[in-house]
Amino acid sequence: MRLFFKGVLVTTLALSLTACSLINNGEQPFTVFDTKMDESVHYDRSVKGFSQIELEMDITVSDVEIISTNGTDIVFDQEANLKELLATAEYEAHGDTLKVIYSNKDSYKLKAQSQNSKINIKVPEEIKLKIDSNLNVGDYKIDANKLELTEVNLETNVGDTALSSNVDQSSLSYIKMSSDVGDLFLEIENAEALDTVKLDTNTGEIKSSFEGNYDQRLELVADTDVGDMQLSFKGAFKEVVNLDLDANVGDVKLELPKGHEMAFEIKAPEFTSSLDWANIDYSKSRDQYKVEGDKSQFSIKLNLNVGDGKFSYSN
């Protein structure tokens, strides 16, 4: 049922932004769903002499993929079915930081016709990268295995977001991923400086994995209105981990490292939800649950409305 509602919402919102109109102020009719991408733009800028890139995007309609390159330029390639969808590029140098801005919202007025666009951005390896991006409609796909992230803010109204890294991200301190309609996927390893993670979707699933070493106090807030939530924590967490989780309609699955003290505050109506503790031993007092362990405490607040909570050890 949840997948059905998500499909209806995605279709409705996407069509409201991309479907064509047979009438255009007396002009010739548009071709229905003509999404052939025969418009394009290319930008490249050397990053020699800079130690950090601040990447900002404000894009109307496009899927965005960010990958690494062993070159010395930040490279932007876009294909689109409408010339108005093509982004402009601006560059600002601030000391050892290069600010890169890709945008098309100021010059593009939404038209009642089909829209299709794809953006590929290549960022040189071994340069620190801060990302602040907003899409109206589109998916994010970021492979950060050869990127050195510092802060990441990814927002989209309609679209999925995927950020993955299986290498050390010791400079990464902040992650925010949000979507009105779309799934969120996050995979991070050895983010020793990470202190804040925010994951928010109105209709969609949240799936995240944190592995390796974490030296800072970690605050994670995850919220989904309709959709399941799955969070996995593996490795060494030296400071307190605070989890604030809210699921209106959907199951919540938590995999937690064994040996840590854990305090749960769970609000879950017994008629619409249930709790499964697998192999975790706990004590209970009203809606408070406690698991014995060392001083690296996990503090977990969980609100469930319609759905089940499932808790297990990850190692």
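See above for the structure.
Residues numbered from 1 in each chain as written. Predicted model: local features only at pLDDT ≥ 70, side-chain atom pairs only at ≥ 80, totals over all residues. Heavy atoms only, no water.

## Thoughts on the overall build of the protein
Logical step 1: When its secondary structure is counted, the protein shows one helix and 27 strands.
Logical step 2: Within the protein, buried positions represent 43% of all 315 residues.
Logical step 3: Pairs at least 24 residues apart make up 55% of the contacts formed inside the protein by residues separated by at least 6 positions. (Helix = DSSP H or I, 4+ residues; strand = E, 2+ residues; numbered from the N terminus. Buried < 20%, exposed > 50% of the residue type's maximum accessible area, 1.4 Å probe, protein only. Contact = heavy atoms within 4.5 Å.)

## Here's the deal with unusual backbone geometry
Logical step 1: One non-glycine residue, Glu126, lies in the positive phi region at around 60 degrees.
Logical step 2: Checked against the element boundaries, Glu126 lands in the loop between strand S7 (117–124) and strand S8 (128–137).
Logical step 3: The backbone of Ala278 sits at a positive phi, close to 50 degrees, despite the residue not being glycine.
Logical step 4: With respect to the element layout, Ala278 can be found in the loop between strand S23 (275–276) and strand S24 (283–285).

## Details of the environment of Leu172
Logical step 1: Tracing the backbone shows Leu172 in the loop between strand S11 (161–168) and strand S12 (174–181).
Logical step 2: Each C-alpha atom, one on Leu172 and one on Glu151, is 5.8 Å from the other, the two residues being 21 residues apart in sequence.
Logical step 3: Once you skip the residues sitting within four places of it in the chain, Leu172 turns out to touch Leu149, Thr150, Glu151, Val152, Ile188, Ala191, Ala193 and Leu194.

## Concerning the environment of Leu85
Logical step 1: The residue Leu85 is located in the loop between strand S4 (73–80) and strand S5 (88–94) in this model.
Logical step 2: Taking the C-alpha atoms as reference points, Leu85 and Val61, 24 residues apart in sequence, are found 7.0 Å from one another.

## Notes on the pattern of salt bridges
Logical step 1: A complete count under the given rule lists five salt bridges for this structure.
Logical step 2: Among the salt bridges present, the one from Glu56 reaches Lys99, with a minimum N-O distance of 3.3 Å. Here Glu56 is found in strand S2 (residues 52–61), whereas its partner Lys99 is found in strand S6 (residues 97–103), with 43 residues between them in sequence.
Logical step 3: Here Asp215 makes a salt bridge to Lys238, at a shortest N to O gap of 3.5 Å. Residue Asp215 is found in the loop between strand S16 (213–214) and strand S17 (218–226), and its partner Lys238 is found in the loop between strand S19 (236–237) and strand S20 (241–249); the two are separated by 23 residues along the sequence.
Logical step 4: Residue classification places Asp215 among the partly exposed residues on the basis of a relative accessible area of 25%. (Salt bridge = Lys/Arg side-chain N within 4 Å of Asp/Glu carboxyl O.)

## Concerning the nonpolar core
Logical step 1: Counting 77 residues, the largest nonpolar core has Ile66, Ile121, Phe233, Leu245, Leu254 and Phe264 as the members making the most contacts within it.
Logical step 2: Of all the elements, S2 adds the most residues to this core, at five residues.
Logical step 3: Excluding anything up to four places from it in sequence, Phe264 contacts Leu254, Leu256, Trp277, Asp287, Gln288, Tyr289, Val291, Ile300 and Phe311. (Core = buried A, V, L, I, M, F, W, Y, C linked by side-chain atoms within 4.5 Å.)

## A word on the pairing of S4
Logical step 1: In this structure, strand S1 (residues 39–46) lies alongside S4, joined through eight bridges in antiparallel fashion. Each bridged residue has a counterpart across the sheet, and for Val41 the counterpart in S4 is Gln78.
Logical step 2: In the sheet, S4 pairs with S7 via six bridges, with the strands oriented antiparallel. By the bridge assignment for S7, Asp77 is matched with Asn120. (Pairing = 2+ DSSP bridges.)

## Quick word on the pairing of strand S3 (residues 63–69)
For a regular strand, the rule is simple: side chains alternate between the two faces of the sheet.
Logical step 1: Taken together, the seven bridges between S3 and S7 define a ladder with parallel strand orientation. Directly across from Ile66, in S7, lies its bridge partner Ile121.
Logical step 2: Summarising the sheet, S3 and strand S9 (residues 140–143) pair through three bridges and their orientation is parallel. By the bridge assignment, Ile66 is partnered in S9 with Ile142.

## Section: a negative patch on the surface
Logical step 1: A cluster of acidic residues, Asp180, Asp200, Asp223, Asp225, Asp244 and Asp246, forms a negative patch on the protein surface.
Logical step 2: Of all the secondary-structure elements, those providing two or more residues to the negative patch are S17 and S20.
Logical step 3: Inspection of the secondary structure puts Asp180 in strand S12.
Logical step 4: In this structure Asp180 comes out as partly exposed when scored by relative accessible area, which is 35%. (Patch = residues over 30% accessible without salt bridge, like charges linked within 9 Å, V, L, I, M, F, W, Y side chains within 5 Å. Areas by Shrake-Rupley, 256 points an atom, 1.4 Å probe, with all protein chains shown as cover. Lys, Arg positive; Asp, Glu negative; His and termini not counted. Charge placed at Lys NZ, Arg CZ, Asp CG, Glu CD.)

Structural measurements only, silent on function.
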